[in-house]
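A closer look at the structure
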Amino acid sequence: MPVAGTVERGRARGFTLFELVVTLSIAALILGIGAPSFTEFRRNARLTGIANDFLSAAELARTEAVKRQKKVSLCAATNAEDADTRRCTTQPVFNGWMVFEAGNCDLPAGAAPIRTHAAIDPSDATAVSANADMSCLTYGSNGFAIEPGGGQAQPHHITICDVRGVAAPSGSTESPARGVSVDASGHASITRVATTISSWPGVTCSATGG
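This structure is a prediction, so every number in the text was calculated from the model and none was measured.

Cut-off values and rules
- Residues numbered from 1 in each chain as written.
- Predicted model: local features only at pLDDT ≥ 70, side-chain atom pairs only at ≥ 80, totals over all residues.
- Heavy atoms only, no water.
- Helix = DSSP H or I, 4+ residues; strand = E, 2+ residues; numbered from the N terminus.
- Pairing = 2+ DSSP bridges.
- Disulfide = S-S within 2.5 Å.
- Buried < 20%, exposed > 50% of the residue type's maximum accessible area, 1.4 Å probe, protein only.

Quick look at the environment of A77
Tracing the chain through its elements places A77 in strand 1 (residues 72-78). Taking C-alpha positions, A77 is 8.4 Å from A118, a pair spaced 41 residues apart along the chain.

A word on the sheet that holds strand 9 (residues 156-161)
Pairing is antiparallel in the open sheet, where five strands are placed in the order 3-6-9-10-11. Among the strands making up the open sheet, the edge pair consists of strand 3 (93-94) and strand 11 (188-193). Where strand 6 (residues 129-132) lies against strand 9, four bridges are found, and the strand directions are antiparallel. Residue A130 lies in a different strand from strand 9, and its bridge partner there is I160.

Observations regarding the state of the cysteines
The final tally for this structure, using the stated rule, is three disulfides. Each disulfide pairs two cysteine sulfurs, and for C161 the partner residue is C205, the sulfurs being separated by 2.1 Å. Linking C161 and C205, the disulfide has an S-S dihedral of approximately 100° and is accordingly described as right-handed. Of this pair, C161 sits in strand 9 while C205 sits in the segment after helix 2 (194-198), and the two are 44 residues apart along the sequence. C161 gets classed as buried once you look at its relative accessible area, which sits at 0%. Note on C205: relative accessible area 24%, which makes it partly exposed. Sequence-ordered numbering of the bonded cysteines in the protein chain gives a disulfide pattern of 1-2, 3-4, 5-6.

As structure tokens, then:
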């Protein structure tokens, strides 16, 4: 029985070596399982974000063409956000794009784009590549896509991928890549069906890195 006026103190107890080893083992197991999942989540989120941004740019170009009653183009671009060096590119692999009022797929000198986007950093550890079978989309004042030289547009495709490529992993039909399809009317949509993306000519994945 404690003496009046004194405080009974319990004996402090720490981890035993065995408990510490078990705790660390469980933590390592959780990290081992979670790290790859987080990497996949990060890669998927990045591809989805870029594909959605490109889809938004195509929809903006179409809307602005109708609103302005002018031809509006969306072109693959280099240095899209640098006013001094930005330009449209004819290369099938690109890292940015611009939306602007013009029907010749070339930003007029001194003109300001409606929107620019430089979403893809090839030096990123999760390197992403955008590959297209065209370098420019042009919309007429009626909202329909037209070829740069005039006439009804043809369907076009863009593959946005990383080092995982296009092929679906075992047991799945969905590609790690995102495919953007623009039909003859100019309507754009995103797909992850691996066989569909793989069937598109000229837009194979060229991403490198890890």
